[in-house]
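# Close look at the chain arrangement
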Amino acid sequence: MATLLPHSTSPPLLPLLTQQRTAGRGASWDPTPDVRSALGRSHVSSDWLDALALHVAALAATGEGRARDAYDSLVEAVSPLLKLFREAPDAWMVEPLVGLATSLRLSAAAADAAASGGGGQAGGGRPTSAGNGSGGASTKALESCGAVLQRCFAASMQGGGPPGGGGGGPGKKGAALPIVVTLFRVYFALNTLRLSKNLIAAVNSRQFPPLDAFPRGQVVAYQYFTGRLALFDEDYAAADAALGAAFDGCPPSARANRARCAYFLTPVRLLRGVLPSAGLLKAYGLEAEYGPIVQAVRTGSVRGLDEALSQNQWAYIASGTYLLLDKLRFSVARRLLKRVALVHAQADPAKASQLPLARLAAALAWQGAPADPDAVECLVANLIFRRYVKGYLAHKS
């Protein structure tokens, strides 16, 4: 943030701060007075003095491992920076506000991890579901962070000035979409997804700039999170559209981001009857988790689906896809019923359209699935009711 000051008026802060830090070694270091003193000799407004001093204090606290102090300093820096943002004549303050919003989220997560005795944020492995692993963990900083970020979002939506600094962009409202994405990350971490509805409504309102006015990376991030929200709401058509757009919007070089999109897009499309190729699963490292499931759906293997769900159960639960994958049982049963019907048609062509349930029961029993007459009849009735197959059940007296 300090680099936003004109170079001609910026005092040599680094040597001064280094000297003060060395002198205070062994104790918690608060560089705020030194920064205020150094910047006070230049033509800097009081709001810039407050914002920059608090930002440097947050950096110092982070370097010393005082995560909560770092977060508190950033929270204090919000008010002066929002005042500067509102008073700015054009959109040049968008990047500092977005940067502060991102720093707030990361600092809050670090503060909660420190309060819970953890070592920090998890690495970049598989995506996790909302609220995953939050049992007993502190979330106080993230909870307050959400309220602070809402203030930032409100300020960005009130932004005026020449669009994009005169370039035809979204103007100061250019900070709105990345702050929405940051809020999504907070709500997913807190398992408060219901709060995301208001953000989506704001983005869809007439007051919000069109999405094509924002950088592609921000739009892709927004589509990714709205796709995951649609998945939790069981709106699979919307999830398919949003996650598919996010996947297509990622450049081929962004393999990690494309893999995150594919991780959630794959089960959605499986449920909608679209099977991914083996090459796609291999390209994005999804063979271990989705390969057996795809094979079970392709071959109609009830036992294969059960084994795959059991083997990777905790990974699916952590990512929030277990219940979605469990719904594939009807797709697997339909494929099995189709294969049994083809065998029956070859064995008894005269009654090809009349499939005895005993044949399906035999196939289920061979796979180790429940095969008593009532269970088989219930399964077929559900397939007909859910429109997986066309037909009816007939009982002969």
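Parameters at a glance
- Residues numbered from 1 in each chain as written.
- Predicted model: local features only at pLDDT ≥ 70, side-chain atom pairs only at ≥ 80, totals over all residues.
- Heavy atoms only, no water.
- Helix = DSSP H or I, 4+ residues; strand = E, 2+ residues; numbered from the N terminus.
- Contact = heavy atoms within 4.5 Å.
- Areas by Shrake-Rupley, 256 points an atom, 1.4 Å probe, with all protein chains shown as cover.
- Expected span 1.5 Å × (residues − 1).
- Buried < 20%, exposed > 50% of the residue type's maximum accessible area, 1.4 Å probe, protein only.
- Salt bridge = Lys/Arg side-chain N within 4 Å of Asp/Glu carboxyl O.
- Axes fitted to C-alpha atoms, helices over the stretch in contact; angles between N-to-C directions.
- Parallel < 35°, antiparallel > 145°, perpendicular 65-115°, else oblique.
- Left-handed = near helix turned anticlockwise from the far one by under 90°.
- Nonpolar A, V, L, I, M, F, W, Y, C, P; charged D, E, K, R; others polar.

Within the protein chain one finds 19 helices and zero strands. At a minimum sequence separation of 6, the contacts of the protein chain that also span at least 24 residues come to 63%. Counting only carbon and sulfur atoms, one obtains 54% of the accessible surface of the protein chain, whose full area is about 20200 Å².

So, on to helix α17 (residues 329-347). In an α-helix, one turn spans 3.6 residues, which is why side chains three or four residues apart end up on the same side. Compared with an ideal rise of 1.5 Å per residue, which puts 19 residues at 27 Å, α17 spans 27 Å between its outermost C-alpha atoms and is within 8% of the ideal. Here α17 has its buried residues at Phe-330, Ser-331, Val-332, Ala-333, Leu-336, Leu-337, Val-340 and His-344. Elements in contact with the buried residues of α17: α11 (255-271), α13 (287-299), α14 (302-311), α18 (357-366) and α19 (373-385).

The topology assignment puts Ser-107 in helix α5 (residues 94-115). Judged by relative accessible area, Ser-107 falls into the buried class, the value being 11%. Leaving out residues up to four positions away in the same chain, Ser-107 has contacts with Ala-67, Ala-70, Tyr-71 and Leu-74.

Right, let's get into the pattern of salt bridges. Scanning all chains against the criterion turns up 10 salt bridges. The partner of Asp-72 in a salt bridge is Arg-68, with the nearest N and O atoms 3.2 Å apart. In this pair, Asp-72 and Arg-68 both sit in helix α4 (residues 67-87), four residues apart, roughly one turn of the helix. With a relative accessible area of 30%, Asp-72 lands in the partly exposed category. On the basis of relative accessible area, Arg-68 is assigned to the partly exposed category, the value being 39%. Salt bridges sharing partners connect three or more residues here, namely Glu-64, Arg-66 and Asp-69.

Moving on, we come to unusual backbone geometry. For Asn-191, which is not glycine, the phi torsion reads 60° and is therefore positive. Among the structural elements, Asn-191 can be located in the loop between α7 (176-190) and α8 (196-203). Of note, Arg-387 is a non-glycine position whose phi angle comes to about 65°, a positive value. Mapped onto the elements, Arg-387 comes out in the segment after α19.

In this structure, Ser-156 sits in helix α6 (residues 140-157). The residues contacting Ser-156, other than those within four sequence positions of it, are Phe-85, Lys-172, Lys-173, Ala-175, Ala-176 and Ile-179.

Now for the packing of helix α3 (residues 46-63) against α4. Two numbers describe how α3 lies on α4: the axes approach to 8 Å, and their chain directions differ by 155°. Comparing their axes, α4 and α3 come out roughly antiparallel. The element α3 and its partner α4 pack so that their crossing is left-handed. On α4, the residues touching Asp-47, Trp-48, Asp-50, Ala-51, Leu-54, His-55, Ala-57, Ala-58, Ala-61 and Thr-62 of α3 are Asp-69, Ala-70, Ser-73, Leu-74, Glu-76, Ala-77, Pro-80, Leu-81, Lys-83, Leu-84 and Glu-87. Among the residues forming the contact of α3 with α4, the class breakdown is 12 nonpolar, three polar and six charged.

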